[in-house]
Amino acid sequence: MAVIVNRETCIGCQACVSACPFQAIEMRDGKAVITDKCTVCGACIPVCPVEAMYREAAGRSSVSDSNAFRGVWIFIEHEENRIKNVSLELLGEGRKLADTLGEPLEAVVIGRQAEWMAKEAFESGADKVYLIEGLEFENYNTDCYANAFVGLSRAYKPSAVLIGATGNGRDLAPRIAAQLETGLCADCTGLDIDPETRLVIWTRPAFGGNIMADIICPDHRPQMGTVRPNVFKAPVRNTGRTGEIVRVAYRAKPEDMRVKLVDTIRICAGGVNIEEADIIVSGGRGMGKPENFRAIRELADVLGGAVGASRAVVDAGWEPVMHQVGQTGKTVGPKIYFACGISGAIQHLAGMSSSDLIIAVNKDPDAPIFQVADYGIVGDVMEILPLLTEAFRTVKAARK
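Predicted model only: the values in this text are computed from it and were never measured.

Attention now goes to the pattern of salt bridges. Tallied over the full model, the rule gives 23 salt bridges. As a salt-bridge pair, D127 and R95 come within 3.0 Å of each other at their nearest N and O atoms. Here R95 lies in helix α2 (residues 85-101) and D127 lies in the loop between α3 (115-123) and β7 (128-133), a separation of 32 residues in the sequence. Of the residues examined, D127 reaches a relative accessible area of 26% and is grouped as partly exposed.

Structure (structure tokens):
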């Protein structure tokens, strides 16, 4: 695909020159000329008063020209001057994919003043960082970020793109895929490379979590997917590691930004953020009634952890949805995960199976949760939890 200028109808008004965010249009002999900086973003087309500019379709980026696409890209999501953990996790897993393919691992950083993120990306495994900076990128904006990413992708042609399945990531990824006319596998929990085809194998739960589906994108590029947070572990940072920074000039036009951030309202959920917690104490339907969740909260407080819940508990209104762990809730990967009164349905396991240590408490000795637990306690949770809480409280007091 390319942008074409009809030199016979072009009147040399230069409207397209000022509209191009990549400075890819020059005036020669009174006519507009598209240079090799063009990313086919199309910003110049609607501003032409005589309709002298148009896209020449060459079809989507198909497997026949896939050799032109190279590199595994990770979108670096950030908030309040901090990189989201899922982006670091993807750098670690993306490093494995890139090494298997023999291709570079490259990060995309978009922000107001974002060079500080490049350092952390390099130390977490990136070989190269594409950096787009500007006032309009201070906060995430759907159109602004999507258009910048699409232009960048058309210019540098990545083979695969990984984006965290966060709120913003789930908003951004499908818009990029739609503009690039490629596929997108959402909410992945596994990544691999097929040794024969060299295609990315995207693994995700399907049919309500009853099966794990392996999905490929054989015909179009880039291959794209969103990956749930806490599925993979963030790599150990290699302090001092550096790489190449490619600064990309991009100007977002105000009329292209259809969404405006008016204000940020913070909701105090109490306790620790479940996605960032090192220790999570989760309760399921086996807790019996909502009042019994007091025992869950007491153990979580003593351990300095967060409270989690199964979907059945959230659906019953015992706990708010922000505490839900599982396929339709949050994916977590704490150092210690307590599963109390949770049977171990596959939908719940999909959200916590990457925990370092799993401790299960259930009165049913045949509960599926014991198949994934490192330690299991068979018994009534309302008898066991107070004993655990008191034991941990005694240990903490002895250490003071």
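With that settled, the discussion passes to the nonpolar core. Counting residues in each nonpolar core, the largest one holds 40 residues, and the members touching the most others are M53, I110, I132, F137 and I176. When residues of this core are traced back to their parent elements, those giving at least two are β1 (2-5), β5 (72-76), β6 (105-111), β7, α4 (142-156), β8 (160-164) and α5 (167-180). No other element matches α4, which puts 7 residues into this core. Every residue in contact with I132, bar those within four places of it in the chain, is listed here: V109, I110, G111, F137, A148, L152, V248 and Y250. Counting residues in each nonpolar core, the second largest holds 33 residues, with V86, L105, A118 and V231 among its members.

Burial runs high along strand β15 (residues 279-283): 5 of the 5 residues are buried. Neither face of β15 is exposed, since I279, V281 and G283 on one face and I280 and S282 on the opposite face are all buried. Bridge count for β15 against strand β16 (residues 306-309) is 4 bridges, and the pairing is parallel. By the bridge assignment for β16, I280 is matched with A306. Handedness of the crossover is the feature at issue here: the chain leaves β15, passes through helix α6 (residues 293-303), returns alongside β16, and the resulting connection is right-handed.

Let us look at α2. Compared with the 24 Å implied by 1.5 Å per residue over 17 residues, the 25 Å span of α2 between its first and last C-alpha is a close match. Of all 17 residues in α2, 13 are buried, a share of seventy percent or more.

Attention shifts here to unusual backbone geometry. Following R221, the chain continues to P222 via a peptide bond in cis, the omega torsion being 0°. With respect to the helices and strands, the residue P222 is situated in the loop between β12 (211-215) and β13 (223-227). The phi angle at D29 is positive, at roughly 55°, despite the residue not being glycine. Inspection of the secondary structure puts D29 in the loop between β2 (25-28) and β3 (31-34).

So, about the packing of aromatic side chains. Tallying each qualifying case throughout the model produces 9 aromatic pairs. Taken together, a centroid distance of 5.8 Å and an interplanar angle of 75° make the contact between W73 and F149 edge-to-face. Taken together, the residues span a long stretch of sequence, with W73 in strand β5 and F149 in helix α4 at a distance of 76 residues. In this pair, the class of W73 matches that of F149, namely buried. Between the aromatic rings of F75 and Y145, the centroid separation amounts to 6.4 Å while the plane-to-plane angle is 85°, which identifies the pairing as edge-to-face.

The rules we used
- Residue numbers here run from 1 along each chain, matching the order of that chain's written sequence.
- Local features in this predicted model are restricted to residues whose pLDDT is 70 or higher, and side-chain atom pairs enter the listing and the counts only when it is 80 or higher, whereas totals over whole chains, interfaces and linings include all residues.
- With hydrogens and water set aside, each side-chain value is computed from the structure's full complement of heavy atoms.
- Each reported salt bridge corresponds to a side-chain nitrogen of Lys or Arg within 4 Å of a carboxyl oxygen of Asp or Glu.
- Put simply, DSSP marks the helices as runs of H or I at least four residues long and the strands as runs of E at least two long, and each gets a number from the N terminus on.
- Exposure categories follow from relative accessible area, calculated using a 1.4 Å probe and restricted to protein chains: below 20% of the type maximum is buried, above 50% is exposed, and the middle band is partly exposed.
- Nonpolar cores were defined as sets of buried Ala, Val, Leu, Ile, Met, Phe, Trp, Tyr and Cys residues, with membership established by side-chain atoms within 4.5 Å.
- Any pair of residues with heavy atoms lying within 4.5 Å of one another is described as a contacting pair.
- Any two strands between which DSSP finds at least two bridges are classified as paired.
- A crossover gets the label right-handed when its path from the first strand over the helix to the second runs clockwise, viewed with the strands pointing away from the viewer.
- Helix span, expected: 1.5 Å multiplied by one less than the number of residues in the helix.
- Each pair of aromatic rings taken from Phe, Tyr and Trp, with Trp reduced to its six-membered ring, is defined by centres within 6.5 Å and is described as stacked if the planes are under 30 degrees apart, edge-to-face if over 60, and tilted in the remaining cases.

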